[in-house]
Structures are given as C-alpha cells and as structure tokens.
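The primary structure of each chain is shown beneath.
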Amino acid sequence: MHEIFLDELKKLNTQFMEMGVFVNDQIDQATRAFVDHDKKTAQSMVDNEEKIPTESIDIQKKALKLMALQQPVATDFRVVISILKATTDLERIGENAMSIALETIRVKGNPRIPEVEEIISNMTHNVRHMLIQILTAYVQDDEKMAREVASRDGVIDHDYVRARKLIVDGIEDDPSRAVASSSYFVVTRLLERIGDHIVNLASWVVYKTTGELEELTNPSETKTI
Amino acid sequence: MTTIISAKDVHLSYGNYEALHGVNLNFQEKELTALIGPSGCGKSTFLRCLNRMNDDIENIKITGEIKFEGQNIYSSKMDLVKLRKEVGMVFQQPTPFPFSVYDNVAYGLKIAGVKDKDLIDQRVEESLKQAAIWKETKDNLKRNAQAFSGGQQQRICIARALAVRPKVVLLDEPTSALDPISSSEIEETLMELKHQYTFIMVTHNLQQAGRISDQTAFLMNGDLIEAGPTEEMFIAPEKQITSDYLNGRFG
Ligand SMILES: Nc1ncnc2c1ncn2[C@@H]1O[C@H](COP(=O)(O)OP(=O)(O)O)[C@@H](O)[C@H]1O
Ligand SMILES: [Mg+2]
C-alpha cells in the first residue's frame, strides 16, 4: 500500500515541477512581450490561459485523493499538504504572468522609460532565478536554501520601490508619459507579487521539512499600496 | 498537568527473553495516552506492568521503577488490592462474567467489601450511564451480560471497570474485536470520560490514536522510540521511523 503512496507522490512531485518550470517560462515570455510590445506573443499566452489553472486543479485533485484514500500522517501528511498549498502559490504566480500578458495587449505605443524597463528585466531575471531555486529546494527538502531564497525577496521589493520612484519622476518630467507609466506600475507590482508568492513557496518548503508554519517575511519588506 | 504514573527504565524479561529494554514514560492525569507499535513490540507487556497484572507469570523479571501517585508500585508495601482498584483494566475481548449485567458491574464493589445496597445500586446506574450503556440495560439489569452484542458487552466491561471509581483505566485494544460503529461509540465514550479518568490504551488502530489520544507513545522491539503530544507525533514526529510506522510502511 505504501508503495502506491510513494509512487503517486513521485508522480505528483514531477507534475508539480513541470508546472513550476512552465510557470517560470510564462514569466519570461510575458515580461519579454511587454518590453518588446509583442502583442502576438501576449495574445497566444492569453489564448492558453486555462493551462495553468487546469494543471493546478489536476494536482490538487490527486493530492486530495491521496489524503482521503491513503490517510498520510506525519512526514507524508506534510508532503501532501505542502504540495496542495504550494500548487496554489504557483497558480497565483501563473496568474500574475498572465496579467502581465494582458497588460501588454492593453498598452498602446507610448513613450517609454528605458530605466524602468531595465528594472523590469532585472526583476524578471531575479524572480525567475528564485523560482527555479525554490523548486529545487522543494524537491530536495532543502530548508536552508528555501530560507535563503525567501531572504532575497528584499531585492525584488527594493527594485519595485526604485521603479515606482523612477516612474513618478518620469511623469513629473513629462506628463504625456502618464498613460504608459500606468502599465509600468502594473507590471512592476505584479513582479513584486510574484516575489511574495515565492516567499510563500519557501515557507511550504520549511513546513514540509520541519513541520513549522512560519511566515518568512524579509525584514526590509516594504508595505505597498 | 500532574503526572499520575511514571515509568523509569523499566526492563522486563520472560525467562531469558527481554521484552522491554528500559522504558521511560510518564502519564498525565486525565489524559488519554495511546500506546502504539508493531505486534509483539511489548505494548501489552508494558501496559500490564502498570497495575502489576504480570506478577503471576512464571519466570518473569521486572526491574526499574513504576510510580503511581508517587508511590513505587513494586515496593513490598504496596497494597495490591488497592492498586488494582485505582488502576483498573479493560481487555480486548469483551469479558463479561456469565452473570447478570447488575452483578457484573457490582462485582468489583462486592470484592471491595461494599455492602450498602443503595450505594451499589447507585454506582451500577452511574457506571452504566458513564459507559453509555444505561439506555440498553436499565430494563434488563437481570439479563445475562453475555447475551448482549459485542459492543454492548465491551461497554458493560467499561462500566464494571468504572464502578470502583478507579483513577486510571488501562485498555488493551478495547475496540479491536468490535465493528466500526461500536468502536466509534466506545471512542466517543472515552472522549467524554477522559475529563474524569486517566486512560492508557493500547491500540493498533492508528487513526483511533490520532482521533482520541492526547499523548502517543510509539514502541518497537521493546524500546520506546518516541512519545509526545499526539498532534506532534502525527504531524511532525522527531524520528523518521515514527513517520514510517504511522504511514504503514511496516508493522
Ligand atoms: N507470557 C509470556 N511469556 C513469554 N513471552 C511473552 C509472554 N507474553 C508476551 N511475550 C512476548 O513478549 C513480546 C511482547 O509481547 P506483547 O507485550 O504481547 O506485545 P504487543 O502487545 O505489543 O503485541 C512478544 O515477543 C511476545 O511473544
Ligand atoms: Mg498486545
């Protein structure tokens, strides 16, 4: 019987990883499309917007079935609970990437602020790296790595604050930029939210490995509107 | 929380075979402790040490210390009758005596020399109520206890154990011979009574341990592997082997 459980769990972990890698790719595509004003790519992402939620539901159904039929406890219980919760965070990250794609479609050819685009590409690079690392920490039960990844959310927050300031200054210099700037606001905000979900993922790794439920907020966390 | 029974470095051998290799475990008053572990790991052996039910076995050797309310129960000064009155026992197979429900429940009181008929009547009723079997028996107190269903017989046995007002009740797989409905009724009864009594229960039903116990102790091959609050044991035990056992990886 436990053979079945371990087997199912392995499949579930694989599916979770695949979903994670796909979500990570979506972040890349979405921000790239945004910066390049590539509405076609953005549109094709939106056309496939059901993929991540469908995958998420599928993983959750399987996890719930494991809970009900195998009634795992202790370590096994934590593994299944954390996959349930982590899947939801991954799904949220996917939604955020999708919103970036939608913003790309919405935005008109406006004057641009290269410095902000630089920050967006920087934030994208960082969250994607963090996401891959947190997925690795997840499969390797690496609590230390999870905490380390979570602590790097401070860098994301810092970039976000920096971008906001640049955007506001840019509008003051040239009010005609206000429309384009609203998109910059939206996208940097979404990237910042992705960072927060990665921190949640980190806390599920901690729960999975130790049984401790902690909120892994970083000390430099900037509360934003 | 008050410790009511404490076991320190308990070793027990049947002849040359050592079945317990130094068990240390405390039991808190008015808590339900579940003793779990694979068959033959020594759960019953340990449980029976707690009211000296093992005493009569040939070639048995017990060392270490077991205290009940601070008193060493293996000391020569211990009054065995009093110990068994305060630390009662319920077995796996319902074991009502082949006489009436009333006489079954009154049995312990009569042994203890209680003669007051009113007191006995009152205790019989109270105990049957506590064991949640009063409704089914109140009009049949003269009926042979063995004529009841398995689940009902087990409740009558619980009532019999409670009649002498013990402080601790030891239960050795009290529901393993019962159907799921009777088992869950017994579980409910124990849940209600645990505010009044201390229960120490051997069970091989891990979900049952999770549902009703406050403390869980995991034994394996005569060793206490790990013990702690049930919630911790079922969510984050210290040892991987505990998790493996709880998840049915062996046993
Ligand atoms: N009266 C006895 N004489 C000799 N060996 C015994 C006796 N009772 C139990 N044992 C042995 O002691 C070990 C523990 O038994 P027991 O306490 O009944 O285990 P459990 O209740 O955990 O299934 C087993 O190996 C069993 O065979
Ligand atoms: Mg036994």
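Here, the structure is the one placed above.
Residues numbered from 1 in each chain as written. Chains lettered and ligands numbered in written order. Predicted model: local features only at pLDDT ≥ 70, side-chain atom pairs only at ≥ 80, totals over all residues. Heavy atoms only, no water.

J.: Provide a residue-level description of the interface of chain B and chain A, including the pertinent values.
T.: The interface is formed by 12 residues belonging to chain B together with 14 residues belonging to chain A. Between chain B and chain A, roughly 1000 Å² of surface is buried when both sides are summed, and carbon and sulfur atoms account for 47% of that area. Our count for the contact surface shared by chain B and chain A stands at 1 salt bridge. Arginine 249 of chain B serves as the salt-bridge partner of aspartate 76 of chain A, at 2.4 Å between the closest nitrogen and oxygen. The interface formed by chain B and chain A contains 8 residue pairs in polar contact (both at pLDDT 80 or more). For the side of chain B that touches chain A, the elements supplying multiple residues, two or more each, are helix H9 (230-235) and helix H10 (240-246) of chain B. Residue composition of the side of chain B that touches chain A, grouped by class: 6 nonpolar, 5 polar and 1 charged. (Contact = heavy atoms within 4.5 Å. Buried area = accessible area lost by both parts, 1.4 Å probe. Salt bridge = Lys/Arg side-chain N within 4 Å of Asp/Glu carboxyl O. Polar contact = N/O pair within 3.5 Å; in protein donor to acceptor, adjacent residues only side chain to side chain. Helix = DSSP H or I, 4+ residues; strand = E, 2+ residues; numbered from the N terminus. Nonpolar A, V, L, I, M, F, W, Y, C, P; charged D, E, K, R; others polar.)

J.: How would you sum up the layout of surface pockets? Please name residues and give values.
T.: Residue and element names in this part refer to chain B. Space inside the largest pocket adds up to approximately 570 Å³. Lining the largest pocket are 19 residues, and of these Arg84, Lys85, Gly88, Tyr107 and Gly108 sit closest to its centre. Residue contributions to the lining of the largest pocket peak at 4 residues, all from helix H2 (residues 80-86). Residues belonging to the lining of the largest pocket are distributed by class as follows: 12 nonpolar, 3 polar and 4 charged. (1 Å grid on protein atoms, 1.4 Å probe; cavity = no way out; pocket = protein on both sides within 12 Å on 5 of 7 lines; lining within 4 Å. Points joined across faces, edges and corners; volume = space filled by probe spheres on them.)

J.: Give a description of a negative patch on the surface that names residues and reports values.
T.: A cluster of acidic side chains, namely Glu212 of chain A together with Glu231, Glu232 and Glu238 of chain B, defines a negative patch on the protein surface. Examined against the element boundaries, glutamate 238 of chain B turns out to sit in the loop between H9 and H10. (Patch = residues over 30% accessible without salt bridge, like charges linked within 9 Å, V, L, I, M, F, W, Y side chains within 5 Å. Areas by Shrake-Rupley, 256 points an atom, 1.4 Å probe, with all protein chains shown as cover. Lys, Arg positive; Asp, Glu negative; His and termini not counted. Charge placed at Lys NZ, Arg CZ, Asp CG, Glu CD.)

J.: Before we move on, can you summarise the site of ligand 1 with the specific residues and values?
T.: All names here are of chain B. Taken together, the residues surrounding ligand 1 are Tyr14, Tyr17, Ala19, Pro38, Ser39, Gly40, Cys41, Gly42, Lys43, Ser44 and Thr45. The separation between a nitrogen atom of ligand 1 and a polar side-chain atom of tyrosine 14 is 3.3 Å. One nitrogen or oxygen atom from the main chain of glycine 40 is found 2.7 Å from an oxygen atom belonging to ligand 1. Within the complex, the protein chains bury 61% of what would otherwise be the 560 Å² of accessible surface of ligand 1. Of all the secondary-structure elements, those providing two or more residues to the shell around ligand 1 are strand E2 (17-28) and helix H1 (43-49). It is H1 that provides the largest number of residues to the shell around ligand 1, a total of 3 residues. (Near = heavy atom within 4 Å.)

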